[in-house]
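# Observations on chain architecture
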Amino acid sequence: MADVLPRTTPAASGSASASGSASSGPPETSPAHGAAASVLGTALAALATVVWSGSFVTARALHDSVPPVQQAFWRWLVALAVVAPFGARQAWRQRRLIRRHLGFVVLAALLGVTVYNTLVNQAGSTTSAANMGMIMAASPVLMAVFERAGGVRLGGRRVAGLLIACAGVLLLIGRDGARFSAGDLWMVAAACCFGSYSALLRRKPAGLGGAAFLFTTFLFGTALLLPAQGASLALQGGFTPAAGTVLPLLYVGIASSAVAFFAWNRAIALVGPSRAGVVYHLQPVCAALLSWAVLAEPVGWAQAGCMALILGGVVLGARR
């Protein structure tokens, strides 16, 4: 998940964001500088998308060696350690602002850190990484639903895109005689959680720095995982540290959680959330290719057709 709608203004209690979060649109620039910013912003959005696609592959690769809750706990503990040098000091400077909006921060941490990735890891136990990526491609459509619920008017093209993408998801997860696998249903729940988190970000307090926001959500999200981590250790036992377990956890902790978040925030600052969001729709393609290359998971014609429906729907819905 990404801080898809960051907006920051100078705050009386804190400094500007250190992570590149900015207003919801790119600043006015000269044509030459604007072209360079567009290329860089698109590249950073693509980097974040590819990295997040890799997290689906790692969740699938670890499904039989590291329990889902423990995957999530160690991922965010690593991410917290990586972000702390950049965000802890800014969070301390903005502690009064954070205290005033503590409910928002805790809810964002619960949805985006504690619950979302735990559901993704649980889905990886019984469904393929390619399917995980394709189902997540419908999350922008869910964001449109939340927008409509908030009073934003949706045009006919956007409604058509929503229906097409939802049809693709239903065909994908019901392809075996309309029987839903457990992993597919977990992934649908994860997509709903991500859509809720993204809708919540519209209420991000002005002046809350991007690094401070990441640090505090990582901190609260990891703390909220502690009871589930303790229960998992008691009931399932721990895992054996080895290259096959530690390296994927370091990847999702450093790359998928810290690096991708910063890259996504900077991309939004350069090109805005709409253009960056279009790049995000490439995630199912990246996930399918990575799962084929790394896990040797086959990609059949049925999956390709569902992918085309989902991508077609979200792209149609994202067009102005």
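The shown structure was predicted, so the numbers you read here are calculated from the model rather than taken from an experiment.

## Observations concerning a nonpolar patch on the surface
Together, Leu47, Val246, Leu247, Leu250, Ile254 and Val259 make up an exposed nonpolar region whose accessible area comes to about 450 Å². Among the elements that make up the nonpolar patch, the one with the highest residue count is helix H10 (residues 243-280) (five residues). With respect to the element layout, Leu250 can be found in helix H10.

## Side note on the packing of helix H5 (residues 129-136) against helix H8 (residues 182-200)
H8 packs onto H5 with a crossing angle of 35° between their chain directions and a minimal axis gap of 9 Å. Pair H5 / H8 crosses with right-handed handedness. Residues Asn131, Met132, Ile135 and Met136 of H5 pack against Asp184, Met187, Val188, Ala190, Ala191 and Phe194 of H8. Class assignment for the residues of the contact of H5 with H8 results in eight nonpolar, one polar and one charged.

## What about the nonpolar core?
Membership of the largest hydrophobic core comes to 58 residues, with the highest contact counts inside it found for Phe56, Tyr116, Val120, Met136, Met187, Phe213 and Phe218. Ranked by the residues each element gives to this core, the list is headed by H10, at eleven residues. Beyond its immediate chain neighbours, meaning those up to four positions away, Met136 contacts Phe56, Tyr116, Met187, Ala190, Ala191, Phe194, Tyr280 and Gln283. Counting seven residues, the second-largest nonpolar core is a separate cluster that includes Ala130, Met134, Ala137 and Ile310.

Thresholds, definitions, all that
- Residues numbered from 1 in each chain as written.
- Predicted model: local features only at pLDDT ≥ 70, side-chain atom pairs only at ≥ 80, totals over all residues.
- Heavy atoms only, no water.
- Patch = residues over 30% accessible without salt bridge, like charges linked within 9 Å, V, L, I, M, F, W, Y side chains within 5 Å.
- Areas by Shrake-Rupley, 256 points an atom, 1.4 Å probe, with all protein chains shown as cover.
- Salt bridge = Lys/Arg side-chain N within 4 Å of Asp/Glu carboxyl O.
- Helix = DSSP H or I, 4+ residues; strand = E, 2+ residues; numbered from the N terminus.
- Axes fitted to C-alpha atoms, helices over the stretch in contact; angles between N-to-C directions.
- Left-handed = near helix turned anticlockwise from the far one by under 90°.
- Contact = heavy atoms within 4.5 Å.
- Nonpolar A, V, L, I, M, F, W, Y, C, P; charged D, E, K, R; others polar.
- Core = buried A, V, L, I, M, F, W, Y, C linked by side-chain atoms within 4.5 Å.
- Buried < 20%, exposed > 50% of the residue type's maximum accessible area, 1.4 Å probe, protein only.

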